[in-house]
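Residue-level structure breakdown
The residues making up each chain are set out below.
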Amino acid sequence: MIDIHQHPLHIKEIVEQNDELSRHTKHVYGIYSSPHTLESHFYQLDVAGIDQAVIMPIDCTTAHGCKLVTNEQIAWLTEKSSRFIGFASVDPRSPNALKELEKAVTEYGLKGLKLDPSLQQFDISNEEYAFPLYQLCSELDIPIFFHCGMSWSPVGKAAFAHPMKLEEVIQQFPNLKIIISQFAWPWVSEAFMLGIKYKNVYFDTSILFSGTPTDSVRQVLGEQIGLKNLDRSLSKQILFGSNTPRVDPKRLVWAIEDLKLKPSLQQNIFHENAASLLQLDPGGVTCSLS
């Protein structure tokens, strides 16, 4: 199983490298849980049945004066264990964004770009600073993971993250692989339309807006979209994602299993689609905690 959506904000070894990270995690990202060790994190993955997890930072320098984990720290974690797949983040409004992204991919070996328009507070369709990033990602053949829809961050502004802002990007960069988080709830119908129309658009399952993940996932996937529509129209475009540490990953696993999907569709969600998108080596994983 591959989890396409984790943030290592709560890993003790990362927190100890940055005196300000705990404060930013609370007041910018909105997570108040205590850090736990890398060993404990791997145990959490094991309990959920997750073999590999995509870990990603968020560069909020312009909007909030901080980085919620750095690209260098993501690279450090991927060196610790091949169970981690690293994505980069850059501040789209930074004049150094392109250089930083290219370095993260070509030198650090990171496999994608994480952007959170609601938290970074930038215009997705800005041709001056955003489009060059999209062009570089297209050239590097890496996906962009966009946070869309509701932001749980106390300083996030969801208006920046409406999925329809992506259509111009999709049309301008037809080879760009785009992942939309949480089916862009509450704009689920708009996001679903984009997925039907454009096959380079993907979605993750990190849906939690009320109650439990099982409640939220069933309402969005089972009722708003419909399981038959998932199988007919999006079977190759849905990726398992938990949004750890905001949600315990095993609870998202339970939520997907509770849908009682066709075995082939569930396997696509849990593994095949992400493995194909990320062009993963079928070899095993290694881990070092030294």
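These remarks concern the structure in this document. The shown structure was predicted, so the numbers you read here are calculated from the model rather than taken from an experiment. (Residues numbered from 1 in each chain as written. Predicted model: local features only at pLDDT ≥ 70, side-chain atom pairs only at ≥ 80, totals over all residues. Heavy atoms only, no water.)

1. Considering the packing of aromatic side chains
Threshold: Put simply, two rings from Phe, Tyr or Trp (the six-membered ring, in Trp's case) pair if the centres are within 6.5 Å, and we call them stacked under 30 degrees between planes, edge-to-face over 60, tilted for the rest. Secondary structure counts use DSSP, requiring at least four H or I residues in a row for a helix and at least two E residues in a row for a strand, with both numbered from the N terminus. Exposure classes here rest on a 1.4 Å probe applied to the protein chains alone. A residue is buried below 20% of its type maximum, exposed above 50%, and partly exposed in between. Definition used: whenever NZ (Lys) or CZ (Arg) falls within 6 Å of the ring centre and also within 35 degrees of the ring normal, the charge is taken to sit over that ring.
Inspection of the entire model under this criterion finds 8 aromatic pairs. Ring geometry for F240 against F270: centres 5.5 Å apart, planes inclined by 70°, an arrangement best described as edge-to-face. A residue pair is termed long-range when its members are at least 10 positions apart, and F240 in the loop between β10 (238-239) and α12 (249-257) and F270 in helix α13 (residues 263-277) qualify at 30 residues. For the pair formed by F240 and F270, the shared burial category is buried. Among the aromatic residues, ring-to-ring pairing joins F131, Y134, F146 and F173 into one connected group. Residue placement shows R246 over the ring face of Y29; its charged tip is 4.2 Å from the ring centre.

2. Details of the environment of P143
Quick reminder of the rule: Throughout, a contact is declared for two residues whenever any of their heavy atoms are within 4.5 Å.
Topologically, P143 is positioned in the loop between α8 (131-140) and β7 (144-146). Placed 134 residues apart in sequence, P143 and L277 show a C-alpha to C-alpha distance of 8.0 Å. Among residues more than four places away in sequence, those in contact with P143 are F87, K111, G112, L113, K177, I179, L277 and L278.

3. Observations concerning the side chain of N273
Rules: Pairs of N or O atoms are called polar contacts if they sit within 3.5 Å, as long as, within protein, a hydrogen donor faces a hydrogen acceptor (for residues adjacent in sequence, only side-chain-to-side-chain pairs).
With respect to the helices, strands and loops of the structure, N273 is situated in helix α13. From its side chain, N273 meets the backbone oxygen of I238 in a polar contact 2.9 Å long. Each residue touching N273, except ones within four places of it in the same chain, is listed here: S235, K236, Q237, I238, L239 and N268.

4. Some thoughts on helix α11 (residues 213-233)
Count 3.6 residues to each turn of an α-helix, and residues three or four apart come out pointing the same way. Filter applied, for reference: Expected helix span is computed as 1.5 Å times (number of residues minus one). At any given residue, the bend is defined as the angle formed between two axes, one fitted to the seven residues that end at that position and one fitted to the seven that begin there.
The end-to-end C-alpha distance of α11, which contains 21 residues, comes to just 23 Å, noticeably less than the 30 Å that a straight helix rising 1.5 Å per residue would cover. In α11, a bend of some 90° at I225 exceeds every other bend along the element. Inspection of α11 places P213, S216, V217, V220, L221, I225, G226 and L230 among the buried residues, and these make up the whole buried set. Structurally, α11 contributes buried residues whose contacts are with α10 (188-197), β10, α12 and α13.

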